[in-house]
2 protein chains.
Amino acid sequence: MVRVAVDAMGGDGAPDAPVEGALSALRDGGEELEVLLVGDPAVLERLVGDEPEAGDRLRVVPADETIGMDEPPARAVRRKADSSIVVGLELQRRGEADAFISAGSTGAVMAASVLVLRPLPGVDRPAVGAMVPTSGTPTLVLDAGANVDARPHHLHQFAHLGVTYYRDVRGEPEPRVGLLNVGEEEAKGDELRTAAHRRLREDPDLSFVGNVEGHGIIEGEVDVLVCDGFAGNVLLKFYESVAGFVSDLLLRAAGDAPAGREVEEILQLLDYREHGGAPLLGVDGVSIICHGDSPPRALRNAVGVAVRSVESGTVEDMREDLRALSERAARRPPA
Amino acid sequence: MVRVAVDAMGGDGAPDAPVEGALSALRDGGEELEVLLVGDPAVLERLVGDEPEAGDRLRVVPADETIGMDEPPARAVRRKADSSIVVGLELQRRGEADAFISAGSTGAVMAASVLVLRPLPGVDRPAVGAMVPTSGTPTLVLDAGANVDARPHHLHQFAHLGVTYYRDVRGEPEPRVGLLNVGEEEAKGDELRTAAHRRLREDPDLSFVGNVEGHGIIEGEVDVLVCDGFAGNVLLKFYESVAGFVSDLLLRAAGDAPAGREVEEILQLLDYREHGGAPLLGVDGVSIICHGDSPPRALRNAVGVAVRSVESGTVEDMREDLRALSERAARRPPA
């Protein structure tokens, strides 16, 4: 049984979209899924009232406060202990849930996840990992925006977090790692990039393929693409919008029936909502961050991502991997 | 009369693609264009031999050496004074040409442009300006990769270079300026971004609209988007590849005749080659950098960009604007 706490008050479409997404996940999820809807009980009980899916696999957990999209995240998290975000994460800390998903304030979900779940030993900064569609298998890009800058050892940690997650969730035994950079040669980029390149290349436990340029991403050159949070954030928001822009053009051009189904498939491939939220990797628990404008389908898929994370035991695998990494670092003679 | 020197030995398709592009530009360009083809005279004279367009508006300028794509740019430029890149730029320095275009090594063209043409007074670092298609008017993104990092005053200079160029070349009297960032609020981003934001906001000569996030680019929120060269380079290479990726999917899905022409139009809109090269802004002259894989059409369009730059007097306008900027800075009491 996997127990997923869902922030029912977060996101533009709350509470309807999270509730609908949760119900839809319960319909798909078999007997092994339990959903804890966190939020205003009066509102939530009315919404789920007559749903046959609700049954005993859906439970409402009261939370009196909500954190707005525009509130300063760290302060809001500290002040609002009864917010749906903090209450939802506390369930996991107390062992009453296995995962948390939210389409609320990204900053608040990140801050609360770090505060409540705590970083794993050996992690200086948790990172957001976003799966992006490519012409091959999807690529996990991290950090997709938890931090605005990074130092070489942060990028090194991101690589380990990303590889473990990708291996567990996608079943790829040896994920290829790349470093986002402005050229393929190892001397390319600023000091951050050249130092990170060296660390990644010298790590015997990583399948490091080298630098990946902007155009290499969509070609699926790597499974895990490491970058600082500024570049990752800009890139992903840009990707989503380009995909949308092109889709609009596409629908306008190919609006005739014969192309309909195939065009739909393309749109679906490009639609980030299909990919169901981005995990915050490096905290001691499962926390999935969804877009504020996530429709029910995206939230349903995010529940699926949460379930795969829990079932694959990726947090424990990360803990193991980080322990081995720090032991190796301790044995290494000082440079 | 505008005299454009074309590096006939640069790029994957050289010498055929540059020669064909130059001839095509001459066919379109009326009596006001003269092309100087720089490269191996034996090869070039054979290629242009019987072309009626050649006439007296096409001249071959001998250059004995070429700079390879893989040579370390700065060293190659210093050692190869007879390379097509250095010879082509020297023509401009001596007043024998008004502009230079090349699809050769980007690093070498940048290094040689700075060395031969010299930066304009008040410019610490010239920047590559790339016009990207949006759902509205095109946006000039700079720096698109001349430098891998930047300081706040560099971003401020980029804004001035970009605004002057956009105004002159696109005829937009008051270009809107944005700063690429991870959020809209002015406090978002790292120290570089918050300091640059303050400089841009306090400059009375800029129409600064604030921060632009990744998804704002394609929406055409601004005319000039300022960013560091790392983010700009990654973004543009990514954009080109996403556009290509989506186009491939699109062509596969909508391969039937009715959608054909409209699909073609979309592909054309997204195709960077239509936009004809990126100017290196902030040097004392016109230097246009083209993709290594530019087909003749892209090189023809780059000649067009060069002609518009020369005819609009954008280099003199930048010189004027930078002088005014530094005079204002000198009058300002120290912070």
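Basis of the calculations
- Residues numbered from 1 in each chain as written.
- Chains lettered and ligands numbered in written order.
- Predicted model: local features only at pLDDT ≥ 70, side-chain atom pairs only at ≥ 80, totals over all residues.
- Heavy atoms only, no water.
- Helix = DSSP H or I, 4+ residues; strand = E, 2+ residues; numbered from the N terminus.
- Rg over C-alpha atoms; globule rule 2.2 N^0.38 Å.
- Buried < 20%, exposed > 50% of the residue type's maximum accessible area, 1.4 Å probe, protein only.
- Contact = heavy atoms within 4.5 Å.
- Pairing = 2+ DSSP bridges.
- Right-handed = clockwise from strand over helix to strand, strands pointing away.
- Expected span 1.5 Å × (residues − 1).
- Axes fitted to C-alpha atoms, helices over the stretch in contact; angles between N-to-C directions.
- Core = buried A, V, L, I, M, F, W, Y, C linked by side-chain atoms within 4.5 Å.
- Polar contact = N/O pair within 3.5 Å; in protein donor to acceptor, adjacent residues only side chain to side chain.
- Parallel < 35°, antiparallel > 145°, perpendicular 65-115°, else oblique.
- Nonpolar A, V, L, I, M, F, W, Y, C, P; charged D, E, K, R; others polar.
- Patch = residues over 30% accessible without salt bridge, like charges linked within 9 Å, V, L, I, M, F, W, Y side chains within 5 Å.
- Areas by Shrake-Rupley, 256 points an atom, 1.4 Å probe, with all protein chains shown as cover.
- Salt bridge = Lys/Arg side-chain N within 4 Å of Asp/Glu carboxyl O.
- Lys, Arg positive; Asp, Glu negative; His and termini not counted.
- Charge placed at Lys NZ, Arg CZ, Asp CG, Glu CD.

Chemist: What is the right way to look at the overall build of chain A in this model?
Modeler: Check the secondary structure of chain A and you find eleven helices and eleven strands. The C-alpha radius of gyration computed for chain A amounts to 20 Å, which stays within 12% of the reference 20 Å derived for 335 residues, consistent with globular compactness. A principal-axis box enclosing the C-alpha atoms of chain A has dimensions of 65 × 55 × 35 Å. Sorting the 335 residues of chain A into buried and exposed places 57% on the buried side. For chain A, restricting intrachain contacts to residue pairs at least 6 apart in sequence, the fraction spanning at least 24 positions comes to 71%.

Chemist: Even after reading the chapter, I still don't get the pairing of strand β8 (residues 207-212) of chain A, so can you show me in this structure?
Modeler: Successive side chains on a regular strand alternate, one facing one side of the sheet and the next facing the other. All names here are of chain A. Among the six residues in β8, five count as buried, and that is most of the element. Alignment of strand β7 (residues 176-180) against β8, held across five bridges, turns out to be parallel. In the strand pairing of β8, L179 is matched with N211. In the classification by handedness, the crossover that spans β7, the intervening helix α7 (residues 191-201) and the parallel β8 is right-handed.

Chemist: Would you mind going over helix α5 (residues 106-117) of chain B with me for this structure?
Modeler: The periodicity of an α-helix, 3.6 residues per turn, causes residues three or four places apart in sequence to face the same way. Residues and elements named next belong to chain B. Between its first and last C-alpha atoms α5 spans 16 Å; for twelve residues at 1.5 Å apiece the expected length is 16 Å, and the two agree. By the burial criterion, the buried members of α5 are A108, V109, M110, A112, S113, V116 and L117. Packed against the buried residues of α5 are α3 (73-79), α4 (84-93), β4 (99-102), β5 (127-128), β11 (278-281) and β12 (287-289). Downstream of α5 by a residue or two, R118 has a phi angle that is positive, lying close to 75°.

Chemist: Which parts of the structure should I look at to understand the sheet that holds strand β7 (residues 139-142) of chain B?
Modeler: Backbone-to-backbone hydrogen bonds pair the strands of a sheet. The strands run either parallel or antiparallel. Residues and elements named next belong to chain B. What the five strands build is an open sheet, ordered β6-β7-β10-β8-β9; its pairing is mixed. Every interior strand has two partners, whereas the edge strands, β6 (130-132) and β9 (207-212), have only one. In this sheet, adjacent strand axes meet at a mean angle of 30° when their direction is disregarded. Each of β6, β7, β8 (176-180) and β10 (224-226) is contacted by helix α6 (residues 152-170), which is oriented at about 165° to β10, the strand it contacts most.

Chemist: What's the story with the nonpolar core in this structure? I'm lost.
Modeler: Side chains of nonpolar character tend, in soluble globular proteins, to be buried together. Y239(A) and Y239(B) are the most contacted members of the largest nonpolar core, which totals 102 residues. With residues up to four places along the chain from it excluded, the contact list for Y239(B) reads F238(A), V242(A), F245(A), V132(B), P133(B), I218(B) and L270(B).

Chemist: Could you clarify how one ought to interpret the environment of H197(A) in this entry?
Modeler: Residue and element names in this part refer to chain A. Here H197 lies in helix α7. For the pair H197 and E186, spaced eleven residues apart in sequence, the C-alpha to C-alpha distance is 6.7 Å. The residues touching H197, leaving out its near neighbours within four places in the chain, are L179, E186, F208, G210 and N211. A polar atom in the side chain of H197 sits 2.9 Å from the side chain of N211.

Chemist: Looking at this structure, how should I read the packing of helix α6 (residues 152-170) of chain A against helix α10 (residues 296-312) of chain A?
Modeler: The angle between the axes and the distance between the axes are what describe a pair of packed helices. Residues and elements named next belong to chain A. Relative orientation of the contacting elements α6 and α10 amounts to 100°, with a least axis distance of 9 Å. Comparing the axis directions of α6 and α10 gives the class roughly perpendicular. Residue-level inspection shows Y165, D168 and V169 of α6 in contact with α10, the latter providing V305, R308, S309 and S312. Partitioning the contact of α6 with α10 into residue classes produces three nonpolar, two polar and two charged.

Chemist: What's the story with a negative patch on the surface in this structure? I'm lost.
Modeler: A cluster of like negative charges, contributed by D70(A), E184(B), E185(B), E219(B) and E221(B), occupies part of the molecular surface. Summarising the element assignment, E185(B) is placed in the loop between β8 and α7 (191-202). Among the residues examined, E185(B) registers a relative accessible area of 44% and is labelled partly exposed.

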